[in-house]
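Listed below are the residues making up each chain.
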Amino acid sequence: MPGIDESLLEAMRLPGARGASLVDWISGLALGAVGEAPGGDWEATAAETAELGRHVAESGSLAAGGTAAGGAEPGKEPPVEDLIATTGDAYHLLRFVSTPFDSTVFLHLWLDRNDGNLALARIRLAEMADRLVLG
């Protein structure tokens, strides 16, 4: 079972990967990061993506089955599996990680739009999130 560093290095082996991080969406901190940072600053990127991730994870309208009372609860799976933001030249894939304790982290993969394969990245990031050991 890989830890943070091993998982991030594995993410960087995906075709088109430019950068990867593990972000705590409550604190806005990057728990680990490799490769390039969008905008050149992993701390700023982590804070900005954490805000986006927090809004999505706490959204009741996006919960499984569309239940309004959704939102992430301690020890429960986040209501959203992943989030994809696209730009003219890149994809940003945020994959929420389920843990036995508070699930407040996600993997962020910055993927080049020309060289990357979004479908493959989603599959592999989901596998990485399932195997990730935090602690």
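Rules used in this analysis
- Position numbers for residues count from 1 along each chain, tracking the sequence in the order it is written.
- Note on the predicted model: pLDDT of at least 70 is required for a residue's local features to be given, and 80 or more for side-chain atom pairs to be given and counted; whole-chain, interface and lining totals, by contrast, use all residues.
- Based on all heavy atoms of the structure, the side-chain values leave hydrogens and waters out of the count.
- A run of H or I in DSSP becomes a helix once it reaches four residues, and a run of E becomes a strand once it reaches two; helices and strands are each numbered from the N terminus.
- The rule is simple: take the accessible area with a 1.4 Å probe, protein chains only, and divide by the maximum for that residue type; under 20% is buried, over 50% is exposed, in between is partly exposed.
- The contact definition used throughout considers only heavy atoms, calling two residues in contact when any of these lie within 4.5 Å.
- What goes into a patch is any residue over 30% in relative accessible area without a salt bridge, connected to like charges within 9 Å or, for nonpolar side chains (Val, Leu, Ile, Met, Phe, Trp, Tyr), within 5 Å.
- All accessibility values rest on the Shrake-Rupley procedure with a 1.4 Å probe; residue burial counts only the protein chains present in the view.
- When a carboxyl oxygen of Asp or Glu lies within 4 Å of a side-chain nitrogen of Lys or Arg, that pair is called a salt bridge.
- Under the counting rule used here, the positive set is Lys and Arg, the negative set is Asp and Glu, and His together with the chain ends is not counted.
- One atom stands in for each charge, and that atom is NZ of Lys, CZ of Arg, CG of Asp or CD of Glu.
- Comment: arc refers to directions from the helix axis out to C-beta atoms.
- Side-chain rings of Phe, Tyr and Trp (the six-membered ring for Trp) are treated as a pair once their centres are within 6.5 Å; stacked means planes under 30 degrees apart, edge-to-face means over 60, and tilted covers the remaining angles.
- For our purposes a nonpolar core is just a set of buried Ala, Val, Leu, Ile, Met, Phe, Trp, Tyr and Cys residues, chained together by side-chain atoms within 4.5 Å.

- The chain appears in an unreviewed UniProt entry as Roadblock/LAMTOR2 domain-containing protein from Streptomyces salinarius.

### Topic: the environment of Ala37
- Summarising the element assignment, Ala37 is placed in the loop between strand S2 (29–35) and helix H2 (42–57).
- Residue class for Ala37 comes out buried when judged on its relative accessible area of 13%.
- With near-sequence residues (within four places) excluded, Ala37 lies in contact with Trp42 and Trp110.

### Regarding a negative patch on the surface
- A cluster of acidic side chains, namely Asp41, Glu43, Glu48 and Glu51, defines a negative patch on the protein surface.
- Locating Glu51 in the fold gives a position in helix H2.
- Using a relative accessible area of 43% as the deciding quantity, one classes Glu51 as partly exposed.

### Focus on the environment of Leu83
- Turning to its location among the elements, Leu83 is positioned in strand S3 (residues 82–86).
- According to the relative accessible area criterion, Leu83 is buried, its value standing at 19%.
- Taking the C-alpha atoms as reference points, Leu83 and Leu52, separated by 31 residues in sequence, lie 9.3 Å from one another.
- If we skip the residues at most four places from it in the chain, Leu83 touches Leu52, Val56, His92, Leu93 and Leu94.

### Some remarks on helix H1 (residues 4–12)
- Looking at H1, one finds that the buried residues are Ser7, Leu8 and Ala11. Looking straight down H1, one finds its buried side chains confined to an arc of 95°; they lie on one side.

### Quick word on the pattern of salt bridges
- As enumerated under the stated definition, the model contains six salt bridges in all.
- Between Arg124 and Glu127 there is a salt bridge; the shortest N-O distance is 3.7 Å. Highlighted residues: Arg124 and Glu127, both in helix H3 (residues 118–131), separated by three residues, approximately one helical turn.
- A residue is classified by how much of its surface remains accessible, and Glu127, at 34% relative accessible area, is partly exposed.
- Where salt bridges share partners, they join Glu81, Asp82, Arg95 and Arg122 into one cluster.

### Quick look at the packing of aromatic side chains
- In this structure the tally under the stated criterion is one aromatic pair.
- Taking the centre distance of 5.8 Å and the plane angle of 65° together, the rings of Phe96 and Phe106 count as edge-to-face. Here Phe106 lies in strand S5 (residues 105–112) and Phe96 lies in strand S4 (residues 90–97), a separation of ten residues in the sequence.
- Given the relative accessible area of 0%, Phe106 is considered buried.

### A short note on the nonpolar core
- Val97, Leu107, Leu109 and Leu125 are the most contacted members of the largest nonpolar core, which has 19 residues in total.
- The set of elements that each furnish at least two residues to this core consists of H1, strand S1 (17–24), S4, S5 and H3.
- Core analysis: the second largest hydrophobic core is formed by eleven residues, Val23, Trp25, Ala46 and Phe106 among them.

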